[in-house]
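Okay, here's what each chain looks like letter by letter:
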Amino acid sequence: MAVERIYSAASPEAIRAMNRIAAMGRLTVYPDAQAEVLLASPAIRLLFLQAPAYSARPVAYLLLQDLPPDAEIFDIAVLPWLRGCGLGARLLTRGLALLERSGCRRCLLEVRESNLTAIRFYQRHGFSRTGRRRGYYAHPSEDALVLERTFSARAGADF
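Residues numbered from 1 in each chain as written. Predicted model: local features only at pLDDT ≥ 70, side-chain atom pairs only at ≥ 80, totals over all residues. Heavy atoms only, no water.

1. A closer look at the overall build of the protein
Move 1: Within the protein, the regular secondary structure consists of four helices and seven strands.
Move 2: Along the protein, helices and strands appear, N-terminal first, in the series β-α-α-β-β-β-α-β-α-β-β.
Move 3: Counting every position in the protein, which comprises 159 residues, the buried fraction comes to 43%.
Move 4: Long-range contacts, defined here as pairs at least 24 residues apart, represent 60% of the contacts in the protein between residues at least 6 apart.
Move 5: Looking at the protein as shown, the accessible area adds up to about 8700 Å², and 53% of this sits on carbon and sulfur atoms. (Helix = DSSP H or I, 4+ residues; strand = E, 2+ residues; numbered from the N terminus. Buried < 20%, exposed > 50% of the residue type's maximum accessible area, 1.4 Å probe, protein only. Contact = heavy atoms within 4.5 Å. Areas by Shrake-Rupley, 256 points an atom, 1.4 Å probe, with all protein chains shown as cover.)

2. Considerations on the pairing of strand E5 (residues 106-112)
Move 1: A large share of E5 lies buried, amounting to five of its seven residues.
Move 2: By the bridge criterion, four bridges tie strand E4 (residues 70-78) to E5 in an arrangement that is parallel. The residue bridging Glu 72 from the neighbouring strand is Leu 108, located in E5.
Move 3: Note that the unit made of E4, helix H3 (residues 87-101) and E5 has a crossover that is right-handed.
Move 4: Where E5 lies against strand E7 (residues 142-150), seven bridges are found, and the strand directions are antiparallel. By the bridge assignment, Leu 108 is partnered in E7 with Glu 148. (Pairing = 2+ DSSP bridges. Right-handed = clockwise from strand over helix to strand, strands pointing away.)

3. A closer look at the packing of aromatic side chains
Move 1: The tally for this structure, following the rule as stated, stands at four aromatic pairs.
Move 2: Arranged with centres 5.4 Å apart and planes meeting at 70 degrees, the rings of Phe 121 and Tyr 122 form a pair that is edge-to-face.
Move 3: Residue Phe 121 is classed as buried on the basis of its relative accessible area, which comes to 15%.
Move 4: Judged by its relative accessible area of 8%, Tyr 122 falls in the buried class.
Move 5: Ring centres 5.0 Å apart and planes at 85 degrees place the aromatic pair Tyr 136 and Tyr 137 in the edge-to-face group. (Phe/Tyr/Trp six-rings, centres within 6.5 Å; stacked < 30°, edge-to-face > 60°.)

Written as structure tokens, this is what we have:
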């Protein structure tokens, strides 16, 4: 069973773990200084998922911004050889629950238009397409689809 672990913001260990997973998945690796600034914000949450059956180190991460009533997912990454095992789904489910409990009414994200696997993954988790950003991505140049998931208005009322 996977156990989630939330690292404190701006932790050098967290930055190294995030960049290790990103690099293995050929995703954006944040320069240390940029990551430190990003993670210093109290609105940024960086969640890691450890799966002891696979590794003692984190095998997935979720980077998001929590600014109720809105939230945004910046990155979600799972080590390539563990994709399709449900780890990303567990991590995303936990992250969305945190956002909803904090009073967020909606969560946005951008995804490459050609990344059909990711689009289907997000749709399975309640996201729907709400827009397009032309030329959003570089190397190669590509449009981003804007996806959104809404939360119930009552979720943050208990806190």
